[in-house]
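Below, each chain spelled out in residue letters.
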Amino acid sequence: VREADAYVMISPEYNHCASPALLNMLNHFPSSSFAFKPSAICCYSAGQWGGARAAMSLRPVLSELGCLPVSAMIQIPRPQNVFDEEGALLGDDEKWIKYFERTFSQLEWWATATKRHRELADPTIASPAFATAPNQRNAPS
C-alpha cells in the first residue's frame, strides 16, 4: 500500500454507503500510508444511480486519510448490463472507455504530479503523521 503512487477504490453500494469491507481495509492501515497520493472512486449498484451514494460516502474518508479523490468518479448502474461474466464490456465499448478515461486521466495526472513533488520535498516534514492520536490535528487550546 505504501509504495503505490495512486489508488483506485472500487466499491458496491451497500445500504447507501461504501462497502464495509473496503472501509475496514482502509482503517486497517495507518492514514499516512495513503497520504499525499491521489485516488479514484469507482462504485456500482444494481439501481439506476450506479453507486453514487457509496461514492459520496468515500470522499470524506479518503480526504481524511490524505488520499484526495480526483473530481471525476466512475459510477456504474446495473453492472450486469455493462460487463459480462469475465469482466469484458458489453455493448457500446467506446462510450464506456471514454467515460473511464476521464477519471483515469485525472488520476494519472495527479499521481505523476504528486510523485514528482514528493521527490522534491518530503511532505511529511511540514505535515507529519499523527504520532499518538487523531486529536493531534486539534487547534492549540
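Throughout what follows, the structure given in this document is the object of discussion. (Residues numbered from 1 in each chain as written. Predicted model: local features only at pLDDT ≥ 70, side-chain atom pairs only at ≥ 80, totals over all residues. Heavy atoms only, no water.)

Attention now moves to the sheet that holds strand β2 (residues 39-45). If you trace the three strands from one edge of the open sheet to the other, you get β1-β2-β3, paired in parallel fashion. Unpaired on one side and paired on the other, β1 (7-12) and β3 (74-77) mark the two borders of the sheet. On average, adjacent strands in this sheet sit at an angle of 15° to one another, irrespective of strand direction. As paired elements, β1 and β2 share six bridges and run parallel to each other. (Pairing = 2+ DSSP bridges. Helix = DSSP H or I, 4+ residues; strand = E, 2+ residues; numbered from the N terminus. Axes fitted to C-alpha atoms, helices over the stretch in contact; angles between N-to-C directions.)

Next up on the list: the pattern of salt bridges. All chains considered together, the criterion is met by three salt bridges. For K115, the salt bridge identified is with D5, shortest N-O distance 3.8 Å. On the criterion of sequence distance, the pair formed by K115 in helix α3 (residues 93-120) and D5 in the segment before β1 is long-range, its members being 110 residues apart. Residue classification places K115 among the partly exposed positions, given a relative accessible area of 37%. (Salt bridge = Lys/Arg side-chain N within 4 Å of Asp/Glu carboxyl O. Buried < 20%, exposed > 50% of the residue type's maximum accessible area, 1.4 Å probe, protein only.)

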